[in-house]
Structure formats: C-alpha cells, structure tokens
Amino acid sequence: MNPADNRRHPDPRRALMRPGKMHADEPDFTESLVHRLIASQFPDWAGLPVEPVVPVGTSHAMYRLGEDLVVRLPRTAGTAGEVDMEQRWLPRLAPRLPAAIPVPLGRGVPAEGYPWHWSVFRWLDGANPVVGQLAEPGLFATDLADFVTALHRIDPAGAPPSFRSEPLAARDASTRAALAELHEAVDTGEALAVWEAALSACAPTGPAVWIHADLQPGNLLLANGRLSAVIDFGCMGLGDAAVDLIAAWYLLPAHARGTFRTAVHADDAAWARGRGWALSTALGELRYYRESNPAMAAIARHVIREVLTDGESDGESDGGSDGESDGGSGGNSREQYAV
C-alpha cells in the first residue's frame, strides 16, 4: 500500500490482529467513555443520551449525542491530526459550498484514557446513496458535479495538502502490489490496462485545487433523492482535481457518468487519471478491509467492477436503474452522521 495511505490504513496485516476492532492500534470505544468525556468537558450536554452510530466509520468512532449532535473520535494516531484541520477549515469552506457540510461545535481534549483531541458536530440527517437505488441518477450526478466544481473553485491560499495529494505515479508500486495480492479476486490483466492508461495520461496543468478526496457512498447524504450534505472531510486539502472524479465510479451508475463528466468539464486526461485513482483507491481498500469490514470490501469490489467494465466513453443517459449493487455504505439507506 502506498505509504501516503498509512494514515488511515496502517498495515493490511494488522487489521485482523484484534477482533472487533477496525484497526489493531485503536483504543477501546464505549458509550461510557463518551459519557465521561462529555460530562467532564461539555457539562451542558452531559445529560444527553449517547448512542453509537451504525454503520461504524473506518477512521473515526461516531456517537450520536442527543437528537442534534454527534461526537467524532479518531480511531488511530494517524487520523488524530484531522481534528485540527477540520476545526480550522470546515467553517471556512461551509458558506462557499452548495450542500451542507459538518461544522464543528466543540473541540475535546485527551482525557479519561482517550489519547487524542476529538470533536462535536451538529448531526445532519440523510440517507447514503446506493448506486442501484438512486431515484434520479441524472439529477444526483448534476448535484455532485455542482458540489465538486464549487469546492475546486475555492481560494487555495494557505490550504494544506490533501491526504491524496501525491502524483498518481507515486501509487504505482502499491497498486501493483495490491493487484498481485488480490489476483484471485480481480482480473489483473484488465486492471493493469486501466492503471497503465491512467499513468500514461497527461499530468494536471495549473495549480492544485481544494479537493474532498474521499467521495464515497458513506460520505454523502441524500434527501428526496438529491444531494443534501457531504461529510467526512478528513482527506481534504489541495491536490489534482481528478481525484474527486472517483465519485463517478463510487457513486454513479454507468448511464449517469456522462452527465457528471460533462458538468465538471473533465477532459480525456483528467478522466483517465480519475479512473486510475478510483481503481487504486478501491484496490487498497479491498486489500485492507476484505476481512475486517465486509461493507467497505463490498464497496471496493463494486468500484473495481465498475472501473473494469466502463468503456473509454461513458453513457449520457440520465434515466433508469442499473440494477442491484453490492455497493453503498453497507446497504444502509438511513440517516447518517455528519462527519
């Protein structure tokens, strides 16, 4: 796996070392811990009920606090630094975007045996998108493009590098290693052809832009079939705009990708890089989560299948359904956390 991915996925072999945990080195998370942290640092909220959010997040443990709040606690030292970034930048980005994003309401400090800073956000209601069950794929593709375009246009002055800020070529060794390890589950010949086409595409021109860098089903919320919120900005920062094109394969059916591509004005080189980013990211996720997180592994398999069956040109139709999918966020079409 690419060393740059170690912040969120430390070592694929260590994911299995401690049953019941997402990562081998994460603390023990309990409702009691959250109650104690809130009572000692935010006494005004001490009487609110605490309930774990399901499905669980891969980089943060999430607990709903009453009806209107959610507590977000980093699972590993590698993601603990995201608290500072989110506290600083999310309030600045929020008024410039066409969909709601989480804005922090409180910042907690290490205590009660928990070793890192943590945050409290306002809860955002909504349902995660599931590719085969989108009511209006074309409208969703347009909403998604509007969000991506607005984010990419925000002034980049002073912004940090994205979690996925490296050139695509820097992921070559880790992507090939993942393919070698997953050779029984993935058509390696087709995957290598897509990967090499992405590597041969022209590099981005111009300065890096703000990117979300993790536009996956669990990180978007819908209301009445339309995009209502984008959450989990832990990978945000400056990078190649093509990184956010992974949404085309993670979130959209094939017949809606053309709508998205046209709306974001992605040229052939950017589209090829985006396809490569989607493939590389999904391979890394399947490699890491195939035993420890079946829902994430299912999403990764879906994305790999979509990438490998996607032609050089995408369909332009907006209607219809592409059938059942094992993607989505663990099959959950329910309200989700705002982080």
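Above this note sits the structure.
A. View of the nonpolar core. Within the largest apolar cluster, 77 residues are counted, with the highest numbers of intra-cluster contacts made by F147, V186, W210, L245, F260 and L279. By size, the runner-up hydrophobic cluster in this structure holds 18 residues, among which are F29, Y63, L73 and Y114.

B. View of the environment of A278. Among the secondary structure elements, A278 is positioned in helix α9 (residues 268-289). The class of A278 is buried, set by a relative accessible area of 0%. The spatial distance from the C-alpha of A278 to the C-alpha of E306 is 9.7 Å, given a sequence separation of 28 residues. Contact partners of A278, with chain neighbours within four places excluded, come to I246, W249, Y250, V303 and V307.

C. Examining the packing of helix α6 (residues 188-200) against α9 more closely. Look at α6 against α9: their axes get within 8 Å of each other, and the N-to-C directions meet at 135°. The orientation of α6 relative to α9 falls into the category oblique. For the element pair α6 and α9, the recorded crossing hand is left-handed. Along the contact surface, α6 presents A191, V194, W195, A197 and A198, while α9 presents A272, R273, R275, G276, L279 and S280.

D. Quick look at helix α1 (residues 31-41). Turning to α1, its buried residues number three or more, namely L33, V34, L37 and I38. What you see down the axis of α1 is that its buried residues fit within an arc of 125°, all on one side. Tucked into the core, α1 has its buried residues touching β1 (50-52), β2 (60-65), β3 (69-74) and β5 (118-122).

Analysis parameters
- Residues numbered from 1 in each chain as written.
- Predicted model: local features only at pLDDT ≥ 70, side-chain atom pairs only at ≥ 80, totals over all residues.
- Heavy atoms only, no water.
- Core = buried A, V, L, I, M, F, W, Y, C linked by side-chain atoms within 4.5 Å.
- Buried < 20%, exposed > 50% of the residue type's maximum accessible area, 1.4 Å probe, protein only.
- Helix = DSSP H or I, 4+ residues; strand = E, 2+ residues; numbered from the N terminus.
- Contact = heavy atoms within 4.5 Å.
- Axes fitted to C-alpha atoms, helices over the stretch in contact; angles between N-to-C directions.
- Parallel < 35°, antiparallel > 145°, perpendicular 65-115°, else oblique.
- Left-handed = near helix turned anticlockwise from the far one by under 90°.
- Arc of directions from axis to C-beta.

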